[in-house]
Amino acid sequence: MKHLISPLDLSVEELDHILSLGQEIMKNPEKYSHICEGKKLATLFYEPSTRTRLSFEAAMLNLGGKVLGFSSADSSSAAKGESVADTIRVISSYADICAMRHPKEGAPTVAAMYSEIPVINAGDGGHNHPTQTLTDLITIKSLMGRLDNITVGMCGDLKFGRTVHSLINAMVRYPRVRFVLVSPNELKIPDYLRKEVLDAERIDYIETNQLEKYMPDLDILYMTRVQRERFFNEEDYIRLKDSFILDASKMQYAKKNMYVLHPLPRVNEISTEVDNDPRAVYFKQAKMGVYVRMALIMNLLELD
Amino acid sequence: MLNIGVLKEGVVIDHIQVGGAMKIYEYLNLEKLDCSVAIIKNARSNKMGKKDIIKIEGPFDIDLNVLGVLDHKITINIIKDNEIVEKRILSLPEKVTNIIKCKNPRCITTIEQDLPHTFRLTDRENRIYRCIYCESKFKGN
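Residues numbered from 1 in each chain as written. Chains lettered and ligands numbered in written order. Predicted model: local features only at pLDDT ≥ 70, side-chain atom pairs only at ≥ 80, totals over all residues.

Colleague: Tell me what's going on with the overall build of chain A, and back it up with residues and numbers.
Modeller: For chain A, the count of helices and strands is eleven helices and nine strands. Relative to the 2.2 N^0.38 estimate, which gives 19 Å for 304 residues, the radius of gyration of chain A is 19 Å and therefore close to what a compact globule would have. Here the C-alpha coordinates of chain A stretch approximately 55 × 45 × 40 Å along the principal axes. Residues counted as buried form 47% of the 304 residues belonging to chain A. A separation threshold of at least 6 residues defines the contact pool for chain A, and within that pool the share at least 24 residues apart is 76%. (Helix = DSSP H or I, 4+ residues; strand = E, 2+ residues; numbered from the N terminus. Rg over C-alpha atoms; globule rule 2.2 N^0.38 Å. Buried ≥ 20, exposed ≤ 12 C-beta atoms within 10 Å, placed from the backbone. Contact = placed C-beta atoms within 7 Å.)

Colleague: How would you summarise the overall build of chain B if you had to cite specific residues and measurements?
Modeller: Helix and strand content of chain B: two helices and nine strands. Expressed along its principal axes, the backbone C-alpha trace of chain B runs to roughly 45 × 30 × 25 Å. Taken over 141 residues, chain B has a buried fraction of 26%. Counted over contacts in chain B with a minimum sequence separation of 6, partners at least 24 positions apart contribute 60%.

Colleague: Which residues make up the domain arrangement of chain A, and what values do they have?
Modeller: All names here are of chain A. Looking at chain A, the domain boundaries give domain 1 (7-128 + 289-300) and domain 2 (131-286). Relative placement of domain 1 and domain 2: their C-alpha centres are 25 Å apart. Those elements giving two or more residues to the side of domain 1 that touches domain 2 turn out to be α1 (12-27), β4 (119-124) and α11 (282-300). Per-class residue counts for the side of domain 1 that touches domain 2 are ten nonpolar, seven polar and two charged. (Domains from an automatic or database assignment. Nonpolar A, V, L, I, M, F, W, Y, C, P; charged D, E, K, R; others polar.)

Colleague: Can you explain the interface of chain A and chain B? Please cite residues and give values.
Modeller: On the chain B side, the residues contacting the twelve residues of chain A number 15 residues. A total of three residues in the side of chain A that touches chain B trace back to one element, the largest contributor, which is helix α4 (residues 107-114) of chain A. The residue inventory of the side of chain A that touches chain B, partitioned by class, reads four nonpolar, six polar and two charged.

Colleague: Tell me about the packing of α1 of chain A against helix α5 (residues 130-144) of chain A, and name the residues and values.
Modeller: Residues and elements named next belong to chain A. Running from amino to carboxyl end, α1 crosses α5 at an angle of 65°, the nearest separation of the two axes being 10 Å. Relative to α5, the element α1 is oriented roughly perpendicular. The crossing of α1 and α5 is right-handed. Mapping the contact onto sequence places I18, L19, G22 and Q23 in α1 and L134, L137, I138, K141 and S142 in α5. In terms of residue class, the contact of α1 with α5 is made up of five nonpolar, three polar and one charged. (Axes fitted to C-alpha atoms, helices over the stretch in contact; angles between N-to-C directions. Parallel < 35°, antiparallel > 145°, perpendicular 65-115°, else oblique. Left-handed = near helix turned anticlockwise from the far one by under 90°.)

Colleague: Explain the sheet that holds strand β6 (residues 95-97) of chain B to me, using residue names and the numbers behind them.
Modeller: Residues and elements named next belong to chain B. One open sheet accounts for four strands, arranged β6-β7-β8-β9; its pairing is antiparallel. Looking at strand neighbours, the two that pair on one side only are β6 and β9 (137-139), the edges of this open sheet. Neighbour to neighbour, the strand axes of the sheet diverge by 35° on average, direction disregarded. The pairing of strand β7 (residues 118-123) with strand β8 (residues 128-131) spans four bridges and is antiparallel. What sits directly across from R120, in β8, is R130. (Pairing = 2+ DSSP bridges.)

Colleague: I'd like a description of the sheet that holds strand β2 (residues 66-70) of chain A, backed by residues and values.
Modeller: Residue and element names in this part refer to chain A. Strand order in the open sheet formed by four strands is β2-β1-β3-β4, and the pairing between neighbours is parallel. In this open sheet, the two strands that pair with only one neighbour each are β2 and β4. Here the average twist between neighbouring strands, direction ignored, is 15°. Of the pairings in the sheet, the one linking strand β3 (residues 97-102) to β4 comprises four bridges and is parallel in character. Its bridge partner lying in β4, A99 is registered against I120.

Colleague: Any details on the confidence of the model for chain B? Residues and values, ideally.
Modeller: On average, residues of chain B score 87 in pLDDT, and 95% of them are at 70 or above. Scored as a complex, the prediction yields pTM 0.86 and ipTM 0.84. (pLDDT = per-residue confidence, 0-100.)

Colleague: Let's hear about the nonpolar core: which residues, and what values?
Modeller: Counting residues in hydrophobic clusters, the biggest one holds 111 residues, and the most contacted among them are C98, V260, M294 and I297 of chain A. Those residues in contact with M294 of chain A that sit more than four places away from it in its chain are G22, I25, Y32, A59, N62 and L63 of chain A. (Core = buried A, V, L, I, M, F, W, Y, C linked by C-beta atoms within 7 Å.)

Colleague: Tell me about unusual backbone geometry, and name the residues and values.
Modeller: Residues apart from glycine generally show negative phi values, whereas peptide bonds are mostly found in trans. Cis geometry is adopted by the peptide bond preceding P265 of chain A, which originates at L264 of chain A and carries an omega value of 5°. Within the chain, L264 of chain A stands out as a residue other than glycine whose phi angle is a positive 60°. Assessed through the 18 C-beta atoms surrounding it within 10 Å, L264 of chain A is described here as partly exposed. Of note in the backbone geometry, N98 of chain B takes a positive phi value of approximately 55° without being a glycine.

Colleague: Talk me through the pairing of strand β8 (residues 220-223) of chain A; I want residue IDs and the actual numbers.
Modeller: Side chains on a regular strand alternate between the two faces of the sheet. Residues and elements named next belong to chain A. On β8, burial covers both faces: I220 and Y222 on one face and L221 and M223 on the other are all buried. As paired strands, strand β5 (residues 150-155) and β8 are joined by four bridges and run parallel to one another. Pairing of G153 across the sheet is with L221, part of β8. Direction of pairing for β8 relative to strand β9 (residues 259-261): parallel, over a ladder of three bridges. Its bridge partner being in β9, Y222 is matched across the sheet by L261.

Colleague: Quick one: what's the story with the domain arrangement of chain B, residue by residue and with numbers?
Modeller: Residues and elements named next belong to chain B. Split into domains, chain B comes out as domain 1 (10-88) and domain 2 (95-139). On the domain 2 side, the residues contacting the four residues of domain 1 number five residues. The residue makeup of the side of domain 1 that touches domain 2, split by class, is three nonpolar, one polar and no charged.

Colleague: With reference to specific residues and values, describe the environment of V85 of chain B.
Modeller: Residues and elements named next belong to chain B. With respect to the helices and strands, V85 occurs in strand β5 (residues 83-88). By the C-beta count within 10 Å, which is 10 here, V85 ends up exposed. The spatial distance from the C-alpha of V85 to the C-alpha of N29 is 25 Å, given a sequence separation of 56 residues. Setting aside anything within four residues of it in sequence, one finds V85 in contact with I78, I79 and K80.

In structure tokens:
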């Protein structure tokens, strides 16, 4: 039995297989619409995330399966003090696979240790969010036709932004990927990512606080939100939240075939005037997230 | 140097960085031992200037390799019949449980008290351990 806790749980071959299956489902969704009949997905969401939860539920429903679960810790047995280990042991007898979001880092790892069904990490604190990474990768692969030889700009909260960490970890495994890391000083990527991943793998990267300067070099611009819930101090959040805002004037520096991605939800870091630019693909990206989750569910249930 | 008395049989944990002896006392749960334990703080050392030492009397059955996680300069002397019979070199264990605690306030271990605090060695050269849950780093002295 396999789980998906970190993007690195998948080998490059497994990753490529899931992305290809996702692309195949995208072309012919009808073919896969009954493949999970009789199967149930449990969505265990200890913190609210409408988007990710609905994406998982849509994926399972599209495959002909059923869904059950809870959408906040208040409405679960966690409010009564039940441990993650006990919850997952019970859920294992109700469902065939589960997706877990938890505000504490490592909670899905604990779940996987005690679970009898595959566990998918749907986001644990500021740590990992592997299905967002799969979504980002399938979007890049579908639009660019490749995952190697790409310059990826990442902008915003690179310190707490788990989607950024996961995407870097996944993309360094492909050849000739370069990163331009744009953030205020306080929100730079964590030290371990710089030393143990980028430096250790000898990846070409730049850390800067000037988006416009590097805009013409980018194939992909991955924008992120400065997340209020990751700060212990409200003052720091308010000071940093508007650090980088992508608007039409900045977009004019970009290549014609550059794409803007965002894990969503967006607050104000991408001005709505950018939405009509054909290079803004974040809503398309959300749609691709459903296809790649369909592929992942099939893979973990060994129905592929 | 202050003379604590000759150890006939037991263990001497030597070359502990100054101020580290109490931590090691706590990590090894030495308060639970029934035998004599001496903590010597700020002892003179040719190599280190000053150092801490712990002397434990009698047969002693605790995995001392965990000390390598905390302080790699520590040396262990095993004493029998008033003689040093073994100078043990500490090796880093692949995994340690309930020796060090995860200090990440966002880690699942902060709200689930029954979870064992387990760390895995991820970088032997730099002696870096990471929490198996949240992957936060622990680095000893």
